[in-house]
Amino acid sequence: MSATPVCIYTTNNWKDKLRVSKIETKQLKKENKRLHIRIAKGYQIQQNLKAEIVKLKESSSNLTGSISLGSKPKRHKYGLILIFLAVHLQSLHGLSYRQTREVLLRYISLLGLKISVPSATSIRNWVQKLAYFRVYGQEVAPSAGRILLVDESASIGQEKVLLLLSLDEEKV
């Protein structure tokens with residue numbers, strides 16, 4: 001028995017593959033064009049938004065620049081209006097120094113101002129200076145024989161000391 005060679009004839013698959021790859025190439029080129037157009041539109045939208053943000057920042061800086069908080073005293077960081085408001089809130093409304101700071105923080109954020117908020121220590125110092133001014137800076141009523149000062153700010157280590165000072169009216 002002799003073996004006869006078996007020949008399998010195949011069709012030209014490369015032509016079909018070429019046809020399919022040309023169709024895919026056309027589709028991919030169309031998709032590529034569409035994506036490039038979409039990217040260009042997105043880039044343009046991004047540029048427009050950046051320009052709008054710049055305009056909003058400029059308008060907001062002009063708005064906050066128009067609000068004046070008064071002149072600043074020497075060696076002070078804050079304006080007179082802010083100092084007056086802090087002392088007023090603390091002394092007349094009975095708020096603590098930290099509560100006064102929180103109220104000022106809310107006012108400033110509500111008004112959209114770009115200024116720093118004074119610390120509780122700064123407010124405390126302002127209130128003490130106001131008390132000093134009321135005793136030594138103004139005339140004392142003639143009917144008072146003695147002036148009594150109550151001071152809680154003195155401390156020894158970690159402990160606070162209640163200090164009572166009595167002054168003669170004539171010496172003030």
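Residues numbered from 1 in each chain as written. Predicted model: local features only at pLDDT ≥ 70, side-chain atom pairs only at ≥ 80, totals over all residues. Heavy atoms only, no water.

K.L.:
What is the right way to look at the overall build of the chain in this model?
P.N.:
Secondary structure summary: the chain contains 4 helices and 4 strands in total. The linear arrangement of helices and strands in the chain, starting from the amino end, is α-α-α-α-β-β-β-β. Per-residue burial over the chain gives 12% buried out of 172 residues. Once local pairs closer than 6 in sequence are excluded, the contacts in the chain between residues at least 24 apart make up 37%. (Helix = DSSP H or I, 4+ residues; strand = E, 2+ residues; numbered from the N terminus. Buried < 20%, exposed > 50% of the residue type's maximum accessible area, 1.4 Å probe, protein only. Contact = heavy atoms within 4.5 Å.)

K.L.:
Help me out: how do you make sense of the pattern of salt bridges in this one?
P.N.:
Side-chain pairing between opposite charges can occur once the charged atoms of the two side chains come close. Scanning the model with the defined rule gives 3 salt bridges in all. For arginine 34, the salt bridge identified is with glutamate 31, shortest N-O distance 2.6 Å. Within this pair, arginine 34 and its partner glutamate 31 are both found in helix α1 (residues 13–65), separated by 3 residues, close to a single helical turn. According to the relative accessible area criterion, glutamate 31 is partly exposed, its value standing at 33%. With a shortest N-O distance of 3.8 Å, glutamate 102 and arginine 106 are connected by a salt bridge. Placement of the pair is glutamate 102 and arginine 106 together in helix α3 (residues 97–111), with a separation of 4 residues, close to one helical turn. (Salt bridge = Lys/Arg side-chain N within 4 Å of Asp/Glu carboxyl O.)

K.L.:
Help me understand the packing of aromatic side chains, please; the structure alone is not making it clear to me.
P.N.:
Describing an aromatic ring pair means giving the distance of the ring centres and the angle of the ring planes. Inspection of the entire model under this criterion finds 1 aromatic pair. Look at tyrosine 78 and tryptophan 126: their rings are 5.7 Å apart centre to centre, the planes differ by 80 degrees, and that puts the pair in the edge-to-face class. Highlighted residues: tyrosine 78 in the loop between α1 and α2 (80–93) and tryptophan 126 in helix α4 (residues 120–137), separated in sequence by 48 residues. Each member of the pair tyrosine 78 and tryptophan 126 is classed as buried. (Phe/Tyr/Trp six-rings, centres within 6.5 Å; stacked < 30°, edge-to-face > 60°.)

Take it as geometry only, folks, not as evidence of what the structure does.
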